[in-house]
Amino acid sequence: MSDKKNILFIMFDQLRWDYLSCYGHKHLETPNIDWLASQGVRFNRAYIQSPICGSSRMSTYTGRYVHSHGASNNKVPLKVGEQTMGDHLRREGVDCWLVGKTHMEADAEGMARLGLEPDSVIGVRVAECGFDVFERDDGMKPEGPEGSYDPRGAQAYNEWLREKGYESDNPWHDFANSGLDAEGNVISGWFLKNSAYAANIDEPDSETPYLTTRAMDFMQSTDAPWCCHLSYIKPHWPYIVPEPYASMYGPEHVMPVVRSDSERQNAHPVFKAFQDTPVGQSFSREDVREAVIPAYMGLIKQVDDQMGRLFDWLKAEGRWDNTVIVLTSDHGDFLGDHWLGEKTFFFEPSVRVPLIIYDPSPDADATRGTVSDALVESIDLAPTFVEMSGGDVAGHILEGESLVPILHGARVESERDFVICEYDYSGAPLANRLGNSVEQAQMYMVADKRWKLIHFESGDRPMLFDLVADPDELNDLGESAEHAGAISEMYEKLHRWARRVSQRVTVSHDQILARRLQKSTKGIVIGVPEEGDMDAELTVKYRGVKAKPWQDLKKR
């Protein structure tokens, strides 16, 4: 066994930061995740880089902002050449494996241009976001008149279900994500009112326990130093959960919605367009919230129970003391807050995520059970893993910062004084309704511990929130002349971020600095009046050389 720690990188899909009891939920008890927090550091201000699955994950995996890696939404490929945590970790002798979801869209055109065979080792890694794949399962097998959304979705899982007797062309939908009525009709989990049904599947056969088992299978298969990305599908929609979780929570456990009549009646025009989307209108209904949120809570309770199962297994297998555990989410879920559903806006329920890191090394003993208020971003995980694996962080590529100094008590705050989130909605129908061009349908969030500013490339005014005086973000100060100074201050931070060096990834900062001290030994002489004005050895090829007039040479 290597002395390097293994890294179990757990990501949930669409898990709100405040739907865990260690983050303050009043009804939902998550004792296993809470216990992990008691053994490590719980970060209270962790932010994603984009409020949508694909681009958020690509930032996490590359350690780079969306503007840098370019995969700005779902179904936008990550371009060939972008290095990921797998590339950085393999240089340190650490394998990087996937069990679950990535939402990666391969750059098939770029791979073909470079002659990368999709079934080669390198081709698979490029196509799978830098991971070697133990089992990829994006957990999405919807089907419509034009076919399947993702032909590879739930492939192994569906086959496994059929082997267990779930007879269906698509048991992912018909059993794992649907209920059953008294007449034997499949009650689809796609329809929000059906969230009140129990999924028609034996609980151990549902998606979350299945992926836990597959992660155990992977860890039993190797002793090499590894990073295993265990990427769960839930509590992402369809919002439906099997018993006993389907009956654990009811409308009485639904937290009060965070919204106001004023923010709907006086909404910023772009914000209003998001409120008016079908999902926004649906989650503005109380009957929808009362059906969906208990199921969402049940999915989270199931997640927590699986964490208990996983942690017990790690201890029984003797792996606990050699495994770093990182637990986070790719984004949150509005669940009706701010008259919104889904996650595609910049309020805290969407962009702020849980982040808990357990480091078993003695260096982390001083911070066990602590809560960090440092501003951190999802792009910090890749450099953290590199440093934990004994490597030097390639700062010219990885735009995040390692969290090891905070985990080991050497720092309290991160080095940044603001966080960034980006969203490209140019492919969404609401961009048409707003009359936005592709260039105009871009939004940026810059936030520090006091202020959050949202900038719109559409030319609309910004939105501004005072996170201290108004933590629920109900009072938009973007039109307030009294807050012009705060707006200007936040724009300065956004502009500073936009001016960063981010695309020069082939030469490191250290190489650049070394060039400043290098003398030219290749014969380039610029701005030197006389031979004696520079070191003689550097001009040896230009001194004491004899030649005949060219006219004499041409006569031959």
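As a reminder, the structure under discussion sits directly above these lines.
Keep in mind it's a predicted model, so treat the numbers as computed, not measured.

**Student:** Can you break down the nonpolar core residue by residue, with the values?
**Tutor:** Counting 64 residues, the largest nonpolar core has F345, I357 and M443 as its most contacted members. Here this core takes 5 residues from helix α15 (residues 381-388), the largest share from any one element. Counting 57 residues, the second largest nonpolar core, distinct from the first, contains L28, V99, Y166 and A176.

**Student:** Give a detailed account of the packing of helix α1 (residues 31-39) against helix α13 (residues 286-316), specifying residues and quantitative values.
**Tutor:** Interaxial distance between α1 and α13 falls to 7 Å at its minimum, and their mutual angle equals 55°. Relative to α13, the element α1 is oriented oblique. For the pair formed by α1 and α13, the contact residues are P31, N32, I33, W35 and L36 on the first element and K301, V303, D304, D305, M307, G308, F311 and K315 on the second.

**Student:** Would you mind going over empty space enclosed by the protein in detail, with residue names and values included?
**Tutor:** All chains considered together, the criterion is met by 5 cavities of 30 Å³ or more. Each pocket or cavity is described by its volume, and for the largest cavity that value is around 60 Å³. Around the largest cavity, the lining residues are A176, N177, S206, E207, T208, K234, I240, V241, P242, L299 and Q302. Elements with a contribution of two residues or more to the lining of the largest cavity: α9 (207-220) and α13. Considering only residue class, the lining of the largest cavity consists of 5 nonpolar, 4 polar and 2 charged. Taken together, 13 residues make up the lining of the second largest cavity; nearest its centre are M58, N73, V76, H103 and E105. Classifying every residue of the lining of the second largest cavity gives 6 nonpolar, 5 polar and 2 charged.

**Student:** Quick rundown of the layout of surface pockets? Include the residues and the values.
**Tutor:** Space inside the largest pocket adds up to approximately 660 Å³. What lines the largest pocket is a set of 30 residues, among which T277, V279, E342, T344 and Y423 lie closest to the centre. Residue assignment for the lining of the largest pocket shows that the elements contributing at least two residues are α12 (278-283), β13 (419-424) and α17 (429-434). Considering every element that reaches the lining of the largest pocket, the biggest residue donor is α12, with 4 residues.

**Student:** Explain the packing of α9 against α13 to me, using residue names and the numbers behind them.
**Tutor:** Following both chains from N to C, one finds α9 and α13 inclined at 20°, their axes separated by 10 Å at the closest point. In this view, α9 runs roughly parallel relative to α13, as classed from their interaxial angle. For the pair α9 and α13, the sense of crossing is right-handed. Contacts between α9 and α13 involve T208, P209, T212, T213, M216, M219 and Q220 from the former and Q302, V303, Q306, R309, L310, W313 and L314 from the latter. In terms of residue class, the contact of α9 with α13 is made up of 7 nonpolar, 6 polar and 1 charged.

**Student:** Report on the sheet that holds strand β16 (residues 463-466), specifying residues and quantitative values.
**Tutor:** Strand order in this open sheet of 4 strands is β13-β14-β15-β16, and the pairing throughout is antiparallel. On the outer flanks of this sheet lie β13 and β16, each paired with one strand and no other. On average, each strand axis in the sheet is inclined to that of its neighbour by 10°, with strand direction left out of account. The pairing of β13 with strand β14 (residues 442-447) spans 6 bridges and is antiparallel. Opposite C421, over in β14, you have M445 as the bridge partner. Here helix α18 (residues 484-498) sits on the sheet and contacts β13, β14, β15 (451-456) and β16; the angle it forms with β15, its principal contact strand, is near 65°.

**Student:** So what's going on with the side chain of S284? Residues and values would help.
**Tutor:** Relative to the assigned elements, S284 resides in the loop between α12 and α13. Since its relative accessible area comes to 15%, S284 is described here as buried. Aside from chain neighbours lying at most four places away, what touches S284 is R259, R264 and W339.

**Student:** I'd love a proper account of helix α2 (residues 53-62), names of residues and values included.
**Tutor:** The buried count for α2 comes to 10 of 10 residues, which makes it a mostly enclosed element. Here α2 has its buried residues at C53, G54, S55, S56, R57, M58, S59, T60, Y61 and T62. Looking at the packing, one finds that the buried side of α2 touches β1 (6-13), α3 (66-69), α4 (85-90), β9 (226-235) and α15. Once α2 finishes, G63 follows within two positions and takes phi at roughly 70°, a positive value.

Rules behind the numbers
- Within each chain, residues carry numbers counting from 1 in the order of the written sequence.
- Totals for whole chains, interfaces and linings use every residue, but because this is a predicted model, local features are given only for residues with pLDDT of at least 70 and side-chain atom pairs only at 80 or more, for both listing and counting.
- No hydrogens and no water enter the side-chain calculation; it runs on all heavy atoms of the structure.
- For the purposes of this section, nonpolar cores are sets of buried Ala, Val, Leu, Ile, Met, Phe, Trp, Tyr and Cys residues that join through side-chain atoms within 4.5 Å.
- Partly exposed residues are those whose accessible area sits between 20% and 50% of the maximum for their type, while under 20% is buried and over 50% is exposed, using a 1.4 Å probe and protein chains only.
- Counting from the N terminus, the helices are the DSSP runs of H or I reaching at least four residues and the strands are the DSSP runs of E reaching at least two.
- Helix axes are fitted to C-alpha atoms over the stretch in contact, other axes to C-alpha atoms as well, and angles between N-to-C directions run from 0 to 180 degrees.
- To sort the angles, those under 35 degrees are grouped as roughly parallel, those over 145 as roughly antiparallel, those from 65 to 115 as roughly perpendicular, and the leftovers as oblique.
- Residue contacts follow a heavy-atom distance rule, with two residues in contact if any of their heavy atoms lie within 4.5 Å.
- Two kinds of site are reported from a 1 Å grid over the protein atoms alone, namely cavities, where a 1.4 Å probe fits but cannot get out, and pockets, open sets with protein on both sides within 12 Å along at least five of seven lines, and residues are called lining when an atom falls within 4 Å of a point.
- Grid points are joined across faces, edges and corners, and a volume is the space filled by probe spheres set on the points.
- Residue classes follow a fixed rule: Ala, Val, Leu, Ile, Met, Phe, Trp, Tyr, Cys and Pro count as nonpolar, while Asp, Glu, Lys and Arg count as charged, and any other residue, Gly among them, counts as polar.
- What makes a crossing left-handed is the near helix being turned counterclockwise from the far one by less than a right angle; a clockwise turn instead makes it right-handed.
- In this scheme, strands are said to pair when DSSP sees at least two bridges between them.

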